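The lines below spell out each chain.
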Amino acid sequence: MRDYPTVAKTIASLCAGEADAIAKMATISCELYNTLDGFDWVGFYRVVEPELLKIGPYQGGHGCLVIPFSRGVCGACARTKTTQIVPDVDAFDGHIACSTSTKSEIVLPVFQGGELIAVLDIDSDMKDSFDTNDQRALERILEDAF
Ligand code: SME
């Protein structure tokens, strides 16, 4: 069971009064990665031009630098503006494998003023590591922060 209330409180307190999106992304990825079990890669991909994501602050091994909206789980999230839960990455057609150890992932949209500014990608080395409890808690953290 992941302790979302505690990490949410820490993130809210660290980001209080901060307007800079990159500063908040760096803080959120650090806190989630270092606090919650089974989070083996945590990072943001930012919308930098129409239909294009570029790597933002992250924790873990290096990720690919550029992802078009047409590709991968991150692209599907950006295209649909909805959270994507992938219990088994091998079963997701078009999954972009940045690390061979990744077995499941969740990707959430990040909105600021109603506009999609980024996606938050969290990868796990275990299959089926994310469910709707994770989705709800993470969506809440992002809503409060941005
Ligand atoms: N797996 C993602 C790409 C990003 S890396 O996992 C860091 C995807 O399919 O969009």
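That block above? That's the structure.
Read on for an overview of the structure. What you see is a predicted model, and the numbers here were worked out from it, not measured in a lab.

Calculation criteria
- Residues numbered from 1 in each chain as written.
- Predicted model: local features only at pLDDT ≥ 70, side-chain atom pairs only at ≥ 80, totals over all residues.
- Heavy atoms only, no water.
- Helix = DSSP H or I, 4+ residues; strand = E, 2+ residues; numbered from the N terminus.
- Rg over C-alpha atoms; globule rule 2.2 N^0.38 Å.
- Buried < 20%, exposed > 50% of the residue type's maximum accessible area, 1.4 Å probe, protein only.
- Contact = heavy atoms within 4.5 Å.
- Areas by Shrake-Rupley, 256 points an atom, 1.4 Å probe, with all protein chains shown as cover.
- Lys, Arg positive; Asp, Glu negative; His and termini not counted.
- Charge placed at Lys NZ, Arg CZ, Asp CG, Glu CD.
- Pairing = 2+ DSSP bridges.
- Core = buried A, V, L, I, M, F, W, Y, C linked by side-chain atoms within 4.5 Å.
- Near = heavy atom within 4 Å.
- Polar contact = N/O pair within 3.5 Å; in protein donor to acceptor, adjacent residues only side chain to side chain.
- Nonpolar A, V, L, I, M, F, W, Y, C, P; charged D, E, K, R; others polar.

Section: the overall build of the protein chain
Right, on to step 1. The helix and strand inventory of the protein chain stands at four helices and six strands.
Right, on to step 2. In the protein chain, the order of α-helices and β-strands from amino to carboxyl end is α-α-β-β-β-α-β-β-β-α.
Right, on to step 3. At 14 Å, the protein chain has a C-alpha radius of gyration in line with the 15 Å of a compact globule built from 146 residues.
Right, on to step 4. The principal-axis extent of the C-alpha atoms belonging to the protein chain is close to 40 × 35 × 25 Å.
Right, on to step 5. When burial is assessed residue by residue, the protein chain has 45% of its 146 residues classed as buried.
Right, on to step 6. Sequence separation of at least 24 residues holds for 49% of the intrachain contacts in the protein chain that already meet a minimum separation of 6.
Right, on to step 7. Roughly 7400 Å² of accessible area belongs to the protein chain as shown, and the carbon and sulfur atoms make up 50% of that amount.
Right, on to step 8. When the 12 basic and 22 acidic side-chain charges of the protein chain are each reduced to a single mean position, those positions are 3 Å apart.

Thoughts on the pairing of strand β2 (residues 52–59)
Right, on to step 1. Strand direction decides the pairing type here: strand β1 (residues 41–49) and β2, joined by six bridges, are antiparallel. Looking across to β2, one finds that Gly43 is bridged to Tyr58.
Right, on to step 2. Relative to strand β3 (residues 66–68), β2 runs antiparallel, the two sharing three bridges. Along β3, the bridge assignment pairs Leu53 with Ile67.
Right, on to step 3. Connecting β2 to the antiparallel partner β3 that follows it, the hairpin turn spans six residues, and Gly60 within it adopts a positive phi of roughly 120°.

A few points about the nonpolar core
Nonpolar side chains tend to gather and get buried jointly when the protein is soluble and globular.
Right, on to step 1. Counting residues in each nonpolar core, the largest one holds 26 residues, and the members touching the most others are Leu32, Phe44, Leu120, Ile122 and Phe146.
Right, on to step 2. Listing elements by their share of this core, those giving two or more residues are α1 (4–15), α2 (21–35), β1, β5 (104–112), β6 (115–124) and α4 (132–145).
Right, on to step 3. No other element matches the five residues that α4 contributes to this core.
Right, on to step 4. Apart from the residues lying within four places of it in its own chain, the contact partners of Leu32 are Val7, Ile11, Phe39, Val42, Leu120, Ile122, Leu138 and Ile141.
Right, on to step 5. Formed by 16 residues, the second largest nonpolar core is a distinct cluster that contains Tyr45, Leu53, Val73 and Val107.

Quick look at the site of the ligand
Right, on to step 1. In the vicinity of the ligand, the residues found are Trp41, Tyr45, Ile67, Gly72, Val73, Cys74, His95, Ile96, Cys98, Glu105, Asp121 and Asp123.
Right, on to step 2. Cys74 places a main-chain nitrogen or oxygen 2.8 Å from an oxygen atom of the ligand.
Right, on to step 3. At a separation of 3.5 Å, an oxygen atom of the ligand approaches a polar side-chain atom of Asp121.
Right, on to step 4. Put simply, the parts of the chain that give the shell around the ligand at least two residues each are β1, α3 (72–80) and β6.
Right, on to step 5. With three residues, α3 is the single largest residue contributor to the shell around the ligand.
Right, on to step 6. Considered class by class, the residues forming the shell around the ligand number seven nonpolar, two polar and three charged.

Any link to function would need more than the numbers given here.
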